[in-house]
Amino acid sequence: MALRLWASSTANALRISVASTAHLSPPSSLSRCFSTVLDGLKYATSHEWVKHEGSVATIGITDHAQDHLGELVFVDLPEPDGSVGQGKSFGAVESVKATSDINSPISGEIVEVNTQLSETPGLINKSPYEEGWMIKVKPSNPSELESLLGPKEYTKFCEEEDH
């Protein structure tokens, strides 16, 4: 996603720690200040995440992205049964600070859209990796997942981007 991220002074005070997250699968996460990066997910440099389970991949924006955007007030998502292309826009989020496109980290057929976000866009701020997911996709080229970043690489990418 072509996010226009604004670095805050708190984002510059970077610390990495490992925290247990009992209600999530996987069991641990990397925390960077207020942003969380979960193990078991893949990340795009445009700040979307992918969780691939079986024949479906769930996609959303990262905690880092929602933290930099601020309070989300509107989410524009596609209809189910459409398709997405890797690196192509499939929607947008509007916050009190900016409007940003959301790009798909992988290609595939949209099988489900999180309709709760149209009524409650703040779910992305509250729970970007659980309740705030955006679309579920049946990947057309699962090898695209290999081009994405793992949790440690994404954390490093965010740290470098914030400096």
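In this text, all values refer to a predicted model and were calculated from it rather than measured experimentally.

Definitions and cut-offs
Residues numbered from 1 in each chain as written. Predicted model: local features only at pLDDT ≥ 70, side-chain atom pairs only at ≥ 80, totals over all residues. Heavy atoms only, no water. Helix = DSSP H or I, 4+ residues; strand = E, 2+ residues; numbered from the N terminus. Buried < 20%, exposed > 50% of the residue type's maximum accessible area, 1.4 Å probe, protein only. Polar contact = N/O pair within 3.5 Å; in protein donor to acceptor, adjacent residues only side chain to side chain. Contact = heavy atoms within 4.5 Å. pLDDT = per-residue confidence, 0-100. Pairing = 2+ DSSP bridges. Salt bridge = Lys/Arg side-chain N within 4 Å of Asp/Glu carboxyl O.

## Here we look at the side chain of Ser107
Right, so step 1: Mapping Ser107 onto the fold places it in the loop between strand 10 (99-103) and strand 11 (108-113).
Right, so step 2: Owing to a relative accessible area of 12%, Ser107 belongs among the buried residues under this scheme.
Right, so step 3: In terms of polar contacts, Ser107 uses its side chain to reach the backbone amide nitrogen of Gln86, at 2.9 Å.
Right, so step 4: Residue contacts for Ser107: discarding those within four places in its chain leaves Val84, Gly85, Gln86, Val137, Lys138, Pro139, Ser140, Asn141 and Glu144.

## Considering the confidence of the model for the protein
Close inspection of predicted coordinates is inappropriate for parts of the model with low pLDDT.
Right, so step 1: Of all residues in the protein, 79% attain a pLDDT of 70 or more, and the chain-wide mean is 82.
Right, so step 2: Taken element by element, the protein is modelled with least confidence in strand 1 (residues 16-20), mean pLDDT 28, and with most confidence in strand 6 (residues 56-61), mean pLDDT 98.
Right, so step 3: Across residues 1-34 the pLDDT falls below 50, and counting only partners more than four positions away or on other chains, this stretch makes 86 contacts in the model.

## Looking at the environment of Gly85
Right, so step 1: By secondary structure assignment, the location of Gly85 is in the loop between strand 8 (83-84) and strand 9 (89-95).
Right, so step 2: A sequence separation of 23 residues divides Gly85 from Gly108, and the C-alpha atoms of the two residues are 6.6 Å apart.
Right, so step 3: Leave out the neighbours within four places in its chain, and Gly85 touches Ser104, Ile106 and Ser107.

## Observations concerning the pairing of strand 9
Taken residue by residue, a regular strand's side chains alternate between the two faces of the sheet.
Right, so step 1: Of all 7 residues making up strand 9, 5 are buried, and the element is well covered by its neighbours.
Right, so step 2: The pairing of strand 7 (residues 72-76) with strand 9 spans 4 bridges and is classified as antiparallel. The residue of strand 9 that forms the bridge with Val75 is Val93.
Right, so step 3: For strand 9 and strand 10, the ladder comprises 5 bridges, and the chain directions are antiparallel. Looking at strand 10, one finds that Gly91 is bridged to Ile102.

## Notes on unusual backbone geometry
Right, so step 1: Phi at His47 is positive, roughly 75 degrees, even though this residue is not glycine.
Right, so step 2: Along the chain, His47 turns up in the loop between strand 4 (42-43) and strand 5 (48-53).

## Re the pattern of salt bridges
Right, so step 1: Counted by the stated rule, this structure contains 2 salt bridges.
Right, so step 2: Between Lys51 and Glu53 there is a salt bridge, and its shortest N-O distance comes to 3.8 Å.
Right, so step 3: Ionic pairing is found between Glu131 and Lys126, a salt bridge with its closest N-O pair at 3.7 Å.
Right, so step 4: Glu131 sits in the partly exposed class, given a relative accessible area of 34%.

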